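# Analysis of the macromolecular model
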Amino acid sequence: MNAVTRAISRLDAGVVRLWDGLDRALVLRLSMWLGPLLAGLVSMWLGQDANWDLRNYHWYNPYAFLNGKIGFDLNPGQFQSYFNPTIDLLYYGLATHFPTRVTGFVMGFLHGLNYVLLLMITRQVLRSGEPAAAGAAPYRLPLMLALAGCTGFAFLSQLGNTMGDNLTTLTVLGAIALLLRQWPQLVAGGARGAMVAALAGLIIGAGTGLKLTNANYALALCLALLTLRASLWRRVGTAFVFGLGTLAGIAASAGHWYWLMWKQFGNPLFPQFNNIFKGPLAAPISVADMGWVPKGLSEFLLWPFIFTFNPRRVIELPMTQILWPIVYLAFIVFIARRLRRLWLAAPAPSATATAGADAAGARMLLVFFALSYVIWLKLFGIYRYLVPLELLAPLVLWLLLHRLCALPTARVIGASCLLLAVMAGLPRVNWGHHFNGPASFQVQVPAFADPSQSMVFTVHGDPPMSWLIPNFPSRLAFAALGSGFPESPQFGARVAEMVAARKGPLYVMLTANGLAPGPRQGGAVPDPDTIARQLRVHVAGQEILKRYGLTFNDASCIVYEAGFGGSKNSDPYQLCEVGKLP
């Protein structure tokens, strides 16, 4: 019994020493190197990225941009074919020239840099204006809050993949980190303050140009700058300069693309906002997916609770998390208390009871967080777009609790809530990966006598087929029909022109999961489920082609091998000859 007691005591003493050892500057500095390295290794271990968006447009778009396919093909990646491909050029270059392990490590390492920026933000807020919140652990607390932020579902489920949310979050956190680090100059104003605001705007603007879903963060940060402790004119001037920097950043990362879209289609954001620009190939409507936003006032007010209990309202994956209702409740209590104090004209709580309600930069961060959430709620409602806020949520909760409770109580509640949130929120799924291999994609392509005289149609948006296109001859045209693109009458006329300009043969590309490679006619008989699935695919494909006066011959279909990374033939496809209806 004594031996057991001594072993437990030694273990307890070891844990205490380890915990105390984390509160060292050296540990913090080492973590800034180890964090991105660990993220890169985890991404490499996950394997070749195979998410739906990569299949649809993240691989096709940079290829089309670099190979003169814009306008030559017709929306093979659905309407997302016309999203700015600049953000995907890095992955395209890596995957084209390096094995999947190298590509995965680099992408994961870059995503891991968010930890470094988050750590900088946390240290800046706690060190400069929140010494009470930092308590007796000036190095361990920022470390723990940053690690807690990086365990969120949206961030980890996208680690190393091409969706772009983790990558562009670097620009959001980078802009915030710059503003906080240069806070005295920002408050003082003058040329130095204007340069800081403009540079921060340039950074977040570049992220917005790369991925437009970051516009809500740029707008929220611009409005949050109006909370500076300065004169009205200085606040407005700082926000204005930040806005100009944001526009410059958008022009730098997306101006070339907007100009190309304007020249090619008459709409810089084609086909989005075509109700304004009226590009001829798309219907005059605003293309937006509003199916994820709350329906009605009650859902708007209770949204964090709703998507916590029913995550399918905001994400396609099974997600477990409890942090958002906790942060939301803390915000409600904090706002209610501030409003009550204003109503009663009561003095602010003493500094001994709270962490200082107007600490440098903390107020701006809280306002930014709240505004970003509200704008996201109205415009998107898609959870994975919340990566910047998910990373910041533990820090924000800590700040709120230290404004609501006495310091010892705030620390106990904050630590307990964050521990539970981390344990509950670690993702058990991701957006799709395959085994690593020597190349990111392996596609068997048939020979074409004259690719410039042939054409391939796709007729189903799910599964996407455009990831196959970079393996085909660049002069072979592709067009997606019935894909959800907002087609106008001119779109149909454009399809007819493309068909008339080619002597043939024409083909339709269909999914072939479950089918053996080779000609369908006379080949191995698949299982009943595959037969039923293929029948549905063929019937739906015939219906879509019929709208354009076309049909395809089932007997001509040939199945080819295709796959991601080391997963040979994970996604076979078939080509069938297309002819005109009589």
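See the structure printed just above.
On a predicted model such as this, the values are computed, not experimentally measured, just so you know.

To continue, consider the overall build of the protein. Of regular secondary structure, the protein possesses 22 helices and 11 strands. Here the C-alpha radius of gyration of the protein, 27 Å, is about what a compact globule of 582 residues would show, namely 25 Å. Summarising its shape, the C-alpha atoms of the protein cover approximately 85 × 70 × 45 Å along the three principal directions. A buried classification covers 52% of the 582 residues belonging to the protein. Considering only residue pairs separated by 6 or more positions, the protein has 75% of its internal contacts joining residues 24 or more positions apart. When the 43 positive and 25 negative side-chain charges of the protein are each reduced to one mean point, those points stand 13 Å apart.

The next thing to look at is the state of the cysteines. Covalently bonding the sulfur atom of one cysteine to the sulfur atom of another cysteine gives a disulfide. Counted by the stated rule, this structure contains one disulfide. Between the sulfur atoms of Cys 557 and its disulfide partner Cys 576 the distance amounts to 2.0 Å. Taking the torsion about the sulfur-sulfur bond, which here is approximately 110°, the covalent link between Cys 557 and Cys 576 counts as right-handed. Pair noted here: Cys 557 is in the loop between strand S8 (550-552) and strand S9 (558-560) and Cys 576 is in strand S11 (residues 573-580), with a separation of 19 residues, a long-range link. By the burial criterion, Cys 557 is buried, and Cys 576 matches it.

What follows covers the nonpolar core. Among the nonpolar cores identified, the biggest contains 95 residues, and Phe 368, Trp 376, Tyr 383 and Leu 392 are the most heavily contacted of them. Looking at this core, the element that brings in the most residues is helix H19 (residues 387-404), giving 13 residues. Excluding residues within four positions of it along the chain, Tyr 383 makes contact with Phe 153, Ala 154, Phe 307, Val 314, Ile 315, Met 319, Trp 324, Trp 376 and Glu 390. In this structure, Tyr 91, Leu 476, Ala 477 and Val 508 belong to the second largest nonpolar core, which totals 67 residues.

With that out of the way, let us pick up the pattern of salt bridges. Tallying each qualifying case throughout the model produces six salt bridges. Arg 384 is paired through a salt bridge with Asp 53; the nearest N and O atoms lie 3.1 Å apart. In this pair, Arg 384 is assigned in the loop between helix H18 (362-379) and H19 and Asp 53 in helix H3 (residues 52-58), connecting sequence segments 331 residues apart. Like Asp 53, Arg 384 is buried. Measuring nitrogen to oxygen at the nearest pair gives 2.9 Å for the salt bridge that ties Glu 299 to Arg 313. Linking Glu 299 in helix H16 (residues 297-309) with Arg 313 in the loop between H16 and helix H17 (323-344), this pair joins segments that are 14 residues apart in sequence. According to the relative accessible area criterion, Glu 299 is buried, its value standing at 17%. Salt bridges linked by common partners bring Asp 53, Asp 165, Lys 211 and Arg 384 together as one network.

Before going further, it helps to spend a moment on the packing of helix H13 (residues 215-224) against helix H14 (residues 232-265). Orientation of H13 relative to H14, taken along the N-to-C sense of each, is 160°, at an axis distance of 8 Å. By the criterion of interaxial angle, the relationship of H13 to H14 is roughly antiparallel. Crossing geometry of H13 relative to H14 is assigned as right-handed. Along its contact with H13, which presents Ala 218, Leu 221 and Cys 222, the element H14 presents Ala 239, Phe 242, Gly 243 and Thr 246. Residue composition of the contact of H13 with H14, grouped by class: five nonpolar, two polar and no charged.

Now for H19. Helix length check: H19, at 18 residues, gives a terminal C-alpha distance of 26 Å against a target of 26 Å (1.5 Å per residue), a fit within 8%. A maximum bend of about 45° is found in H19 at Ala 393, where proline Pro 394 lies one to four positions downstream. Most of H19 is tucked away: 18 of the 18 residues are buried.

So, on to the pairing of strand S4 (residues 455-458). Neither face of S4 is exposed, since Met 455 and Phe 457 on one face and Val 456 and Thr 458 on the opposite face are all buried. Two strands pair when backbone bridges link them, and S4 and strand S5 (residues 477-480) are joined in this way by four bridges, in the parallel orientation. Bridging across to S5, Val 456 finds its partner in Phe 478.

Turning our eyes to something else, we now look at the environment of Gln 453. Positionally, Gln 453 belongs in the loop between strand S3 (441-443) and S4. Separated by 53 residues in sequence, Gln 453 and Leu 506 have C-alpha atoms that sit 8.6 Å apart. If near-sequence neighbours (up to four positions away) are discounted, Gln 453 is found in contact with Ala 501, Arg 502, Lys 503, Gly 504 and Pro 505.

Residues Leu 26, Leu 30, Trp 33, Leu 34 and Leu 37 make up a contiguous nonpolar surface patch of roughly 530 Å² in combined accessible area. Mapped onto the elements, Leu 30 comes out in helix H2 (residues 25-46).

Two elements in contact, H17 and H19, have axes separated by 9 Å at closest approach and are oriented at 40°. Accordingly, the angle class assigned to the pair H17 and H19 is oblique. The element H17 and its partner H19 pack so that their crossing is left-handed. Contact residues: Leu 323, Trp 324, Ile 326, Val 327, Ala 330, Phe 331, Val 333, Phe 334 and Arg 337 in H17; Leu 389, Glu 390, Ala 393, Pro 394, Val 396, Leu 397, Leu 400, Arg 403 and Leu 404 in H19. When its residues are assigned to classes, the contact of H17 with H19 shows 15 nonpolar, no polar and three charged.

Okay, helix H22 (residues 528-546) next. The end-to-end C-alpha distance of H22, which contains 19 residues, comes to 27 Å, matching closely the 27 Å that a straight helix rising 1.5 Å per residue would cover. Of all the residues in H22, the buried ones are Thr 530, Gln 534, Val 537, His 538, Gly 541, Ile 544 and Leu 545. Angularly, the buried residues of H22 cover 130° about the axis, an arc narrow enough to put them on a single face. Away from its buried face, by an angle of more than 90 degrees, H22 presents the exposed residues Pro 528, Asp 529, Leu 535, Arg 536 and Lys 546. Considering only its buried residues, H22 is in contact with S4, strand S6 (506-511), S8 and S11. Near the N-terminus of H22, the side chain that reaches the backbone nitrogen of Asp 529, with its oxygen 3.1 Å away, is that of Asp 527.

A few words on the packing of aromatic side chains. Enumeration over the complete set of coordinates arrives at 34 aromatic pairs. Chaining the aromatic ring pairs together yields one cluster made of Trp 303, Phe 305, Phe 307, Trp 324, Tyr 328, Phe 331, Phe 369, Tyr 373, Trp 376 and Tyr 383. We note Arg 475 situated over the ring of Phe 72; from NZ or CZ to the ring centre the distance is 4.2 Å.

Procedures and definitions
- Residues numbered from 1 in each chain as written.
- Predicted model: local features only at pLDDT ≥ 70, side-chain atom pairs only at ≥ 80, totals over all residues.
- Heavy atoms only, no water.
- Helix = DSSP H or I, 4+ residues; strand = E, 2+ residues; numbered from the N terminus.
- Rg over C-alpha atoms; globule rule 2.2 N^0.38 Å.
- Buried < 20%, exposed > 50% of the residue type's maximum accessible area, 1.4 Å probe, protein only.
- Contact = heavy atoms within 4.5 Å.
- Lys, Arg positive; Asp, Glu negative; His and termini not counted.
- Charge placed at Lys NZ, Arg CZ, Asp CG, Glu CD.
- Disulfide = S-S within 2.5 Å.
- Core = buried A, V, L, I, M, F, W, Y, C linked by side-chain atoms within 4.5 Å.
- Salt bridge = Lys/Arg side-chain N within 4 Å of Asp/Glu carboxyl O.
- Axes fitted to C-alpha atoms, helices over the stretch in contact; angles between N-to-C directions.
- Parallel < 35°, antiparallel > 145°, perpendicular 65-115°, else oblique.
- Left-handed = near helix turned anticlockwise from the far one by under 90°.
- Nonpolar A, V, L, I, M, F, W, Y, C, P; charged D, E, K, R; others polar.
- Expected span 1.5 Å × (residues − 1).
- Bend = angle between axes of the 7 residues up to and from the residue.
- Pairing = 2+ DSSP bridges.
- Patch = residues over 30% accessible without salt bridge, like charges linked within 9 Å, V, L, I, M, F, W, Y side chains within 5 Å.
- Areas by Shrake-Rupley, 256 points an atom, 1.4 Å probe, with all protein chains shown as cover.
- Arc of directions from axis to C-beta.
- Polar contact = N/O pair within 3.5 Å; in protein donor to acceptor, adjacent residues only side chain to side chain.
- Phe/Tyr/Trp six-rings, centres within 6.5 Å; stacked < 30°, edge-to-face > 60°.
- Lys NZ or Arg CZ within 6 Å of the ring centre and 35° of its normal.

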